[in-house]
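Listed below are the residues making up each chain.
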Amino acid sequence: MSFRLEWPRLLSAERDAAGAPPSRTGGTPDPRTPFERDYDRIIFSAPFRRLAKKTQVHPFAEMDQIHNRLTHSLEVASVGRSLGYALGRFMAQRQELPARHTVEDIACIVQAACLAHDIGNPPFGHAGEFAIREWVKENAATLFGAQVPPELEGVARDWASFEGNAQSFRMVARADNREQVYIRFTYASLGAMVKYPWGSGDPRAATLHKYNYFASETTLFNAVIDSLGLRRWDGTVVRHPLSYLSEAADDICYQIGDFEDAVQMRILPEAEVRDLFSRIVGGPADGRPLPALRARAISCLVRAAQETMEASYDSIMAGERSWSAALKADFPSHLQEVMQLIKQRYPDIFNYRPKVAAEIGAPPALGKILDTYAGVVKTLAERQSYEQLGFGARRHMEIAWPGSYVREHEHESYSWWLGRVMDFVAGMTDNYALQVAREISGG
């Protein structure tokens, strides 16, 4: 049976409506497109601003020019916008751009998805993900009981395999998150974010340790997939075409940016990195400053991604390209060779002693916070009353949420509150996580 993705569906401007604020009525119509609003919502959100104090690779880097999650996300969005424009022009030439849409729509969707791709990453980067998982493993019986009740099976699985990609989807997709209520991306932008189109309960999540939605977002994720037409006749979910561009932009920026940072931090010699960048460009460095050489290398990789996307376009639209086949897998051989050399040098970056030393603080800090807040919300769920919590428990909750918010939701389930705990913890900056850990320890 034949299958083909359809752009009128792929560019859906629908948003999650569950718990959304009332739509404004009257007044001057908003001149922005829905996808421009996605971009503006993420840019002006508090979670996005907090990325400035979240680790990209090096926690608490003393050099101001070293990438953090915010600068990385802005660079990824810039590359993603270029790739989106290129694809939009390609679609227009093929007369496949729906009449009511523009090339700018394609660029804006990819740009917004790129800005949001890391917004769910916890403090301390990947070290924070591992710290959360390890704490849950050690405290599973206290959290969920020796025998996990059916109503907690999903959240228990989510916590045990906490994944930043799924937290990002949760933060920008849901309409009822207190702080994120105005993000609520269009389904098109959500689709462009999804690299791993399955949830925590899928067997692939257990083997790859990657997935894109928690059990709590299962209904919403399925609504997005079905609205976009990403489910094949056999039930297989395929990736949104624009997600390949978002992924390519991330791949390009982190590999080039991490190596530029490594030179600044004296982890790798500049001569070696200049040689790698020159190989990407396909010619000698000609004495250019490293930033200029980096810019040329990014341009070459963007062009390779654009050409690969166009060559793969029909197979992607037919749902035939594997979810795991990133565009870089089909780059020209000389680029793949350089990228393999880059991959081989990553252990030297990840094992850099100051980085390792800084990450040692992640497990105790996050563990202390999770200990406290998992315990407090469990008590609240049992008592169903904010006022019946002890003085200390109320004070702890007020660090995370206003008392009025807790009173408004005091009858919510333990599972619901665990989701809010993870929103709070994953949303922390590196500095704030250490601060809260000290505060709740009486320090």
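Now for a look at the structure at hand. (Residues numbered from 1 in each chain as written. Predicted model: local features only at pLDDT ≥ 70, side-chain atom pairs only at ≥ 80, totals over all residues. Heavy atoms only, no water.)

1. Describing the overall build of the protein
Move 1: Secondary structure assignment for the protein yields 21 helices and zero strands.
Move 2: Scaling as 2.2 N^0.38, a compact globule of 443 residues should have a C-alpha radius of gyration of about 22 Å, and the protein matches this with 22 Å.
Move 3: Dimensions along the principal axes, computed over C-alpha positions, put the protein at roughly 70 × 50 × 45 Å.
Move 4: Going through the 443 residues of the protein one by one, you find that 55% of them count as buried. (Helix = DSSP H or I, 4+ residues; strand = E, 2+ residues; numbered from the N terminus. Rg over C-alpha atoms; globule rule 2.2 N^0.38 Å. Buried < 20%, exposed > 50% of the residue type's maximum accessible area, 1.4 Å probe, protein only.)

2. What about the side chain of R174?
Move 1: Note on placement: R174 falls in the loop between α8 (164-173) and α9 (187-193).
Move 2: On the basis of relative accessibility, which here comes to 12%, the residue R174 falls in the buried class.

3. Digging into the packing of aromatic side chains
Move 1: The tally for this structure, following the rule as stated, stands at 18 aromatic pairs.
Move 2: Between W198 and W323, the ring centres sit 4.7 Å apart and the planes meet at 80 degrees, which makes this aromatic pair edge-to-face. Remark: W323 occurs in the loop between α14 (290-317) and α15 (333-350) and W198 occurs in the loop between α9 and α10 (203-208); sequence separation between them is 125 residues.
Move 3: In this structure an aromatic cluster arises from ring pairing among Y373, W401, Y405, W416, W417 and F424.
Move 4: It is R239 that lies over the ring of Y244; its NZ or CZ is 4.1 Å from the centre. (Phe/Tyr/Trp six-rings, centres within 6.5 Å; stacked < 30°, edge-to-face > 60°. Lys NZ or Arg CZ within 6 Å of the ring centre and 35° of its normal.)

4. Quick notes on the pattern of salt bridges
Move 1: A complete count under the given rule lists 26 salt bridges for this structure.
Move 2: Between R69 and D118 there is a salt bridge, with its nearest N and O atoms 2.7 Å apart. One end of the pair, R69, is in helix α4 (residues 69-93); the other, D118, is in the loop between α5 (103-116) and α6 (126-144), and 49 residues separate them in sequence.
Move 3: Overall, D118 belongs to the buried group, its relative accessible area being 8%.
Move 4: With a closest N to O distance of 2.6 Å, E272 and R345 form a salt bridge. In this pair, E272 is assigned in helix α13 (residues 270-281) and R345 in helix α15, connecting sequence segments 73 residues apart.
Move 5: Classification of E272 by relative accessible area gives partly exposed; the value is 24%.
Move 6: Assessed through its relative accessible area of 22%, R345 is described here as partly exposed.
Move 7: A single network of salt bridges, built from pairs that share partners, joins R4, R94, E96 and D314. (Salt bridge = Lys/Arg side-chain N within 4 Å of Asp/Glu carboxyl O.)

5. Describing α13
Move 1: In a regular helix each residue adds 1.5 Å, so 12 residues correspond to 16 Å; α13 covers 16 Å between its end C-alpha atoms and thus fits that length.
Move 2: Its buried side turned inward, α13 meets α12 (241-264), α14 and α15.
Move 3: Positive backbone phi, at 90 degrees, marks G282, one or two positions downstream of α13. (Expected span 1.5 Å × (residues − 1). Contact = heavy atoms within 4.5 Å.)

6. A look at the environment of V103
Move 1: Looking at the element boundaries, V103 is found in helix α5.
Move 2: Remark: the alpha-carbon pair of V103 and M91, spanning 12 residues in sequence, is separated by 8.3 Å.
Move 3: Beyond its immediate stretch of four places on either side in the chain, V103 contacts Y85, G88, R89, A92 and L97.

7. Quick look at the state of the cysteines
Move 1: Overall, the coordinates contain zero disulfides when judged by the stated rule.
Move 2: The thiol sulfur of C108 is not disulfide-bonded, and the nearest other cysteine sulfur, from C114, lies at 11 Å.
Move 3: For C108, a relative accessible area of 10% translates into the label buried.
Move 4: The cysteine C300 is free of any disulfide, with C253 supplying the nearest cysteine sulfur at 14 Å. (Disulfide = S-S within 2.5 Å.)

8. Points about unusual backbone geometry
Move 1: The backbone of R184 shows a phi angle near 35 degrees, a positive value even though the residue is not glycine.
Move 2: Secondary-structure assignment places R184 in the loop between α8 and α9.
Move 3: Phi angles above zero are rare outside glycine, and H209 is one such case at about 60 degrees.
Move 4: Within the element layout of this structure, H209 appears in the loop between α10 and α11 (218-228).
Move 5: What makes H209 exposed here is its relative accessible area of 51%.

9. Considering α12
Move 1: In this model α12 runs 36 Å from its N-terminal to its C-terminal C-alpha over 24 residues, within 8% of the 34 Å that 1.5 Å per residue would give.
Move 2: The element α12 is extensively covered by neighbouring structure, given that 22 of its 24 residues are classed as buried.
Move 3: Just downstream of α12, R266 is the residue with a positive phi angle, here 65 degrees.

10. Some thoughts on the side chain of D105
Move 1: With respect to the helices and strands, the residue D105 is situated in helix α5.
Move 2: Each residue touching D105, except ones within four places of it in the same chain, is listed here: T33, F35 and R100.

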